[in-house]
There are 4 protein chains.
Amino acid sequence: MGLAASKRRGPFCLRGNEMTNVAIIGATGYTAVETIKILLRHPQAKLTYLTALPEECGPIEQIFPLLRGRIDLPVEPLDLAKAADRADVVLGCLPHKVSMGFVPQLRQAGLKVVDFSADYRLRDVATYEKFYQVPHTDRERIAEAAYGLPELFRNQIVGKSLVANPGCYPTCAVLGLAPLVREKLIETDGIIVNAVTGVSGAGRKPTLAYHYPEINENGFGYGVGTHRHMPEMEQVLADVGSGPVTVLFQPHVVPLTRGMLATIYAEPTRSISQKQLDELFHAAYGDEPFVRLPGRPPQMAAVSDTNFCDVHATMVKGKVVVFSALDNLVKGAAGQAVQNMNLICGYPETAGLL
Amino acid sequence: MGLAASKRRGPFCLRGNEMTNVAIIGATGYTAVETIKILLRHPQAKLTYLTALPEECGPIEQIFPLLRGRIDLPVEPLDLAKAADRADVVLGCLPHKVSMGFVPQLRQAGLKVVDFSADYRLRDVATYEKFYQVPHTDRERIAEAAYGLPELFRNQIVGKSLVANPGCYPTCAVLGLAPLVREKLIETDGIIVNAVTGVSGAGRKPTLAYHYPEINENGFGYGVGTHRHMPEMEQVLADVGSGPVTVLFQPHVVPLTRGMLATIYAEPTRSISQKQLDELFHAAYGDEPFVRLPGRPPQMAAVSDTNFCDVHATMVKGKVVVFSALDNLVKGAAGQAVQNMNLICGYPETAGLL
Amino acid sequence: MGLAASKRRGPFCLRGNEMTNVAIIGATGYTAVETIKILLRHPQAKLTYLTALPEECGPIEQIFPLLRGRIDLPVEPLDLAKAADRADVVLGCLPHKVSMGFVPQLRQAGLKVVDFSADYRLRDVATYEKFYQVPHTDRERIAEAAYGLPELFRNQIVGKSLVANPGCYPTCAVLGLAPLVREKLIETDGIIVNAVTGVSGAGRKPTLAYHYPEINENGFGYGVGTHRHMPEMEQVLADVGSGPVTVLFQPHVVPLTRGMLATIYAEPTRSISQKQLDELFHAAYGDEPFVRLPGRPPQMAAVSDTNFCDVHATMVKGKVVVFSALDNLVKGAAGQAVQNMNLICGYPETAGLL
Amino acid sequence: MGLAASKRRGPFCLRGNEMTNVAIIGATGYTAVETIKILLRHPQAKLTYLTALPEECGPIEQIFPLLRGRIDLPVEPLDLAKAADRADVVLGCLPHKVSMGFVPQLRQAGLKVVDFSADYRLRDVATYEKFYQVPHTDRERIAEAAYGLPELFRNQIVGKSLVANPGCYPTCAVLGLAPLVREKLIETDGIIVNAVTGVSGAGRKPTLAYHYPEINENGFGYGVGTHRHMPEMEQVLADVGSGPVTVLFQPHVVPLTRGMLATIYAEPTRSISQKQLDELFHAAYGDEPFVRLPGRPPQMAAVSDTNFCDVHATMVKGKVVVFSALDNLVKGAAGQAVQNMNLICGYPETAGLL
């Protein structure tokens, strides 16, 4: 009905009334409930199986009161045979390190998998093991996985059976930087990505830091020099730019539930006018259904509860400054996962997402 | 796909691929943007015309950045001929007192109207004129309008061309009270409705009271003894109970954007057990797609961004206490309006709303 | 310097430059940090000892970064001999049930105690044991304790060595009701106290319910018919009115850190005018340094971070409606405790509190 | 009583019981109410006169309900003779451009002035006129004014009669950068200052952008390349470093009432270890009562409602990253103004501020 819907890409033909059966593994966190909400509106996807750790199972409305009366599935302990029987595709909402313990079996059972964790994102195992502090237990499968950022790697995703859904920060930062890096318009050494995000990004497990009275009217930088999304950004940007990229990534948490805003600073390699910047980004994203160019610094609320990423680039005092905003639970997680599911299932890329 | 969808009522037959063209009059406030978001997902409604005061018109994305790229309509000054030409139904998001200046012409132009304002809700003109402090200028049309609370008046809405969409507080309170009043289980003199709500209910016009630093970490009672939704509740409950009802309604604003929670206190007319209360409410609402009975006090977040009203009734120290929660912008405004539009257009009542 | 300061009561003579040494037992929660902040500005109190459970001890700035550089005391495990040696008065911030395990020893060591817990508030042990679900282990000392609501029981507090600091909700509700109950202007059977409060009242221990993304943009009623502050209100009001009082108390949590607002509904025993109400409350509180009568419904932000309770009473549809607002951490806990400490130490009642 | 109090500097001798009479000009905004709250606890300052535009005058509790009963002064239209008669010092809370219309008369009347506006901060009139878009009407007085950042310019403030109280962002950024710039440890060309702040910084006048439902769950960058605090930072850092400095300053607003956090990125001029950074900052600020070094990224809540600025510097990927946090209304405005008032009146610098 809207404009963006008209951008639905032709090559992915609709399979009539065929429905895909979808399982969600790890159905008790924020990315899972967000995925469920999206799939309830998806014309070709049918939720058929929800799993979690045995101690977390039960009626879905006890876990998420929001879902009472909207879905007729309990959350059950994972049974691989049931998963294979009931589902065609698995959206894996397990945490890092845990996910690679389940993906091998799910794949062997013939299920397509979109994996929300970081376990299949980094091609360099040593980097993974350094930043995630565990041995990787499914190394050979890393090469099978597509990195699920459709705006950059659509052709590599279509046809795959395993997609590593990107991190929220890498999605936000890379969409802001890719056109510049691809055209070698910025120095690739020392890009600064300063970001703020809401509390839902830290997950649903209660902690003192994110207890309401602690984080309300508060905010702070964290993960100084050590955040796991830093090497992920560097890998993806290196792919885009065909050469090494270093990023100084500094995240902060601020008191909102959902939202993410990256403010990016880079040195231009040559003089760039605002007009050139505008043309560059319009050329890169003008046909993309989920990247918008508002022509001014984006607001987090404008992308809230949507799969959009709003990007604005400008020159300030000789530096390129890019603002990029998305909803960390949607384009930064669940929405992008459904976008990837659409691609590997042959549905319109925007199905369920507008 | 969900449970509630299976409750879609049979008698309202789907007219195949037919689409209804919808205009929104007064398209710059919070109820309008909420209506637009719902209609973008509605399978049978097509937005064709958006209007506002001349000084507020312009591209929709300048008014609501959230809608950038999602809808291809400008906001224009109202032109009655255009409205009649482009639309079948008007969702009127004008404020009280203003709406009755436009509804006559819209109706004369043959348009069906769901009116968000209070102008056609109160049958007693004197009460309207006392609480709204203006002469009513379209008195004869009041009797034409159905009061659009489908859970109670569905049969009176179907077939109508003018629906007075209820106030947010009356929807919340009346859904909590109707089964008790209908069965004469509570004294109808001196019901207390204590409610809290978010700031969006006060509209989009900036004021000192709702400037962020003023209302953040704040909250207060207002409209003491004078709130306009009090006579509306009394009228509707009198209809339900076939006798006069008096309500002491006390609203409060608390620091959230959207949400409403009524806590209602009433004297039982006779001894009632929890089991009887449960049965009463299940009998009243068990088949309703948009009223849920969580079996415990509802949370505002569980109904946020949905058309649900969650209700829980219990006995405390000899009194009946009812909790009722809804999203003031959805079931309290835009969602209920679309529910009413579905009824008068012959669509499934839940279309676009689940 | 301000007006209220001029109300400092004469009979409590200032002991020149004498300082009272104060210990805080249970120094890791929200009421403790609030007490510390107040005592840092108190002209006659010197913090000399802070204790907590062994596993929670450490430098104060690691527990509360806000206090870095402002106080030169570690938090240590409680050592009774040290407490007796270093302090004259103990402000006991221990939770209910735990406190009565320590108060006997503290009192035997000669220390005056203001106890924040409920353990010495209820004179009826059976009620305590029913609502707190434990046997009371220090029954005989209950009678020694004064109930620390100075506006009502100042004369009973002065000279005592053990003060039971009232609950936040009882303070808020009772200050709103006392003048009416004392003058027998309202029916004492079936008073309704509806209250909202912020999240800090639930303490500092992280839980799912008060994890930021869960309670932000949320709110709900809790403790339906079972809240422990209900019998406390009834006991205190019975004392005030010299006869039994029943209260239906219904609390709610809303998304703010600190603040409390009670909206109270009562049946008048006879016709009362607004003028009579105003005179009644001015007579009751006109000389009180910490009760203000704003002449309209109070705002929670107007009492935030202060020891004030703002009260407004009015007639609505034949019922008396009283609004009462305070900061649950100050007048509802730490501030009132210091007010009580001032009374039992012979300092001006307002010392450190304006 | 606390540690920081022991840092009160000797040379500023206390004048016994002498009190300074203080007027606040422009007493209806957030910086004014914050100043009043501080002065109510100040041992040597007595508020004697409050003024505002005629249409904003009235009882102080009608303007700020928080102040009811705490201060016995109305807000009156400014009368120069009254000001001179009642006050020794004026804290000028007028906005930029307006202030320079009043300061000349106040100074001619013999009053000392601490001016919150930007009108006397920039020594280069052309820069002022470019960024503030008005002709400067009191040029000759600029040279008389001290720039009121005591941690850097204490000696220049003492003895002055006109102090330009610094902007909130410059205070925050400059305290984070000064030790590095002074020692020439960072390149002074191209320092990046990325900052987030709360909504109170935008003032008390209601606007759509800061209407609660608009900015709650939102956040955005603003003032891209044009913020007026950018040249102020550059001037002050140039003074500190004895050479030109360029700063790319990018502010953002996030949903909290008060708080500010600058994250600063700079190129080191030579290799620096963490130990060297720590020593540098301890040497610079170890004796300062209002700068704390928490040894990790500061939290905004840890400085909320205090005059502290918390700073942490570290090395990340070859760059120096500095975090600096303060309360924009206290150290960023009212608190720093009182600190300056203390200096020019000969009071302990921390009086009223701990």
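Residues numbered from 1 in each chain as written. Chains lettered and ligands numbered in written order. Predicted model: local features only at pLDDT ≥ 70, side-chain atom pairs only at ≥ 80, totals over all residues. Heavy atoms only, no water.

Engineer: Which residues make up the sheet that holds strand β13 (residues 291-292) of chain A, and what values go with them?
Structural biologist: Residues and elements named next belong to chain A. Taken together, the 7 strands give an open sheet; going across it, the order is β10-β11-β9-β12-β15-β14-β13, and neighbouring strands pair in mixed fashion. In this open sheet, the two edge strands, each paired with only one partner strand, are β10 (220-221) and β13. Against the sheet, helix α9 (residues 229-241) contacts β9 (189-197) and β11 (246-253), and its axis sits at roughly 140° relative to β11. (Pairing = 2+ DSSP bridges. Helix = DSSP H or I, 4+ residues; strand = E, 2+ residues; numbered from the N terminus. Contact = heavy atoms within 4.5 Å. Axes fitted to C-alpha atoms, helices over the stretch in contact; angles between N-to-C directions.)

Engineer: Kindly report on unusual backbone geometry, identifying the contributing residues and their values.
Structural biologist: Residues and elements named next belong to chain D. Located in the positive-phi region is Q133, a residue other than glycine, with phi close to 60°. Summarising the element assignment, Q133 is placed in the loop between α5 (125-132) and α6 (139-142). One non-glycine residue, K184, lies in positive phi territory at about 55°. Along the chain, K184 falls in the loop between α8 (168-182) and β9 (189-197).

Engineer: Account for the interface of chain B and chain D, naming residues and giving values.
Structural biologist: Chain B puts 19 residues into the contact, and the matching count from chain D is 19 residues. Scanning the region where chain B abuts chain D turns up 2 salt bridges. For the interface between chain B and chain D, the tally reads 12 residue pairs in polar contact (both at pLDDT 80 or more). The element that contributes the greatest number of residues to the side of chain B that touches chain D is helix α9 (residues 212-215) of chain B, accounting for 4 residues. Split by residue class, the side of chain B that touches chain D holds 10 nonpolar, 6 polar and 3 charged. (Salt bridge = Lys/Arg side-chain N within 4 Å of Asp/Glu carboxyl O. Polar contact = N/O pair within 3.5 Å; in protein donor to acceptor, adjacent residues only side chain to side chain. Nonpolar A, V, L, I, M, F, W, Y, C, P; charged D, E, K, R; others polar.)

Engineer: Before we move on, could you go through the relation of the copies chain A and chain D and cite the residues and values that matter?
Structural biologist: You can overlay chain A on chain D at an RMSD of 0.0 Å; the transform is a turn of 180° with a shift of 0.0 Å along its axis. In symmetry terms, the pair is related by a two-fold rotation axis. Among all residues of chain A, the minimum C-alpha distance to the rotation axis is found for P255 of chain A, at 3.2 Å. Same-surface contact between copies: 100% of interface residues of chain A are shared with the interface of chain D. (Least-squares fit on C-alpha atoms with pLDDT ≥ 70 in both.)

Engineer: Explain the packing of aromatic side chains residue by residue, including any values.
Structural biologist: Residue and element names in this part refer to chain D. Counted according to the given criterion, the structure contains 26 aromatic pairs over all chains. Look at Y147 and F153: their rings are 6.1 Å apart centre to centre, the planes differ by 85°, and that puts the pair in the edge-to-face class. Exposure remark for Y147: the relative accessible area of 10% places this residue in the buried category. The exposure class assigned to F153 is buried, which follows from its relative accessible area of 11%. Their ring planes at 45° and their centres at 6.3 Å tell us that F281 and Y285 sit as a pair that is tilted. With a gap of 4 residues between them, F281 and Y285 both fall in helix α11 (residues 274-285), about one helical turn apart. What makes Y285 buried here is its relative accessible area of 3%. (Phe/Tyr/Trp six-rings, centres within 6.5 Å; stacked < 30°, edge-to-face > 60°. Buried < 20%, exposed > 50% of the residue type's maximum accessible area, 1.4 Å probe, protein only.)

Engineer: Please give an account of the sheet that holds strand β1 (residues 20-25) of chain C that cites residues and values.
Structural biologist: All names here are of chain C. A sheet is described by the order of its strands in space; here 8 strands give the open sequence β3-β4-β2-β1-β5-β6-β8-β7, paired in mixed fashion. Among the strands making up the open sheet, the edge pair consists of β3 (58-59) and β7 (146-147). Pairing of β7 with strand β8 (residues 162-164) involves 2 bridges; the strand directions are parallel. Note that in β8 the partner of A146 across the bridge is V163. Taken strand by strand, helix α1 (residues 30-40) contacts β1, β2 (45-52) and β5 (89-92), and its axis lies near 165° from that of β1.

Engineer: Outline the interface of chain A and chain D, supporting the account with residue identities and numerical values.
Structural biologist: At the interface, 36 residues of chain A touch 36 residues of chain D. Both sides of the chain A and chain D interface together cover about 3100 Å² of buried area, and 63% of this is carbon and sulfur. Its largest share of buried area at the contact with chain D, chain A owes to E217, L248 and K317 of chain A, together 20% of the area lost on that side. Inspection of the chain A/chain D interface yields 2 salt bridges. In this structure, E234 of chain A engages K317 of chain D in a salt bridge whose closest nitrogen and oxygen atoms are separated by 2.3 Å. Counting every contact that joins chain A to chain D gives 22 residue pairs in polar contact (both at pLDDT 80 or more). Breaking the side of chain A that touches chain D down by element, the ones donating at least two residues are β9, β10, α9, β11, β12 (260-266), β14 (309-316) and β15 (319-326) of chain A. Looking at the side of chain A that touches chain D, its residues break down into 19 nonpolar, 12 polar and 5 charged. (Buried area = accessible area lost by both parts, 1.4 Å probe.)

Engineer: Outline empty space enclosed by the protein, listing residues and values.
Structural biologist: All chains considered together, the criterion is met by 7 cavities of 30 Å³ or more. Estimated volume of the largest cavity: approximately 70 Å³. Lining the largest cavity are Y212, N216 and P255 of chain A, Y212, N216 and P255 of chain B, Y212, N216 and P255 of chain C together with Y212, N216 and P255 of chain D. Classifying every residue of the lining of the largest cavity gives 8 nonpolar, 4 polar and no charged. Of the voids in this model, the second largest cavity is the one considered here, and its volume is about 40 Å³. Lining the second largest cavity are I25, V90, G92, L94, S99, F102, V103, L106, V113 and D115 of chain A. Of all the elements in the fold, those that place two or more residues in the lining of the second largest cavity are β5 (89-92), α4 (103-108) and β6 (112-115) of chain A. Classifying every residue of the lining of the second largest cavity gives 7 nonpolar, 2 polar and 1 charged. (1 Å grid on protein atoms, 1.4 Å probe; cavity = no way out; pocket = protein on both sides within 12 Å on 5 of 7 lines; lining within 4 Å. Points joined across faces, edges and corners; volume = space filled by probe spheres on them.)

That's the geometry; what it means functionally is another story.
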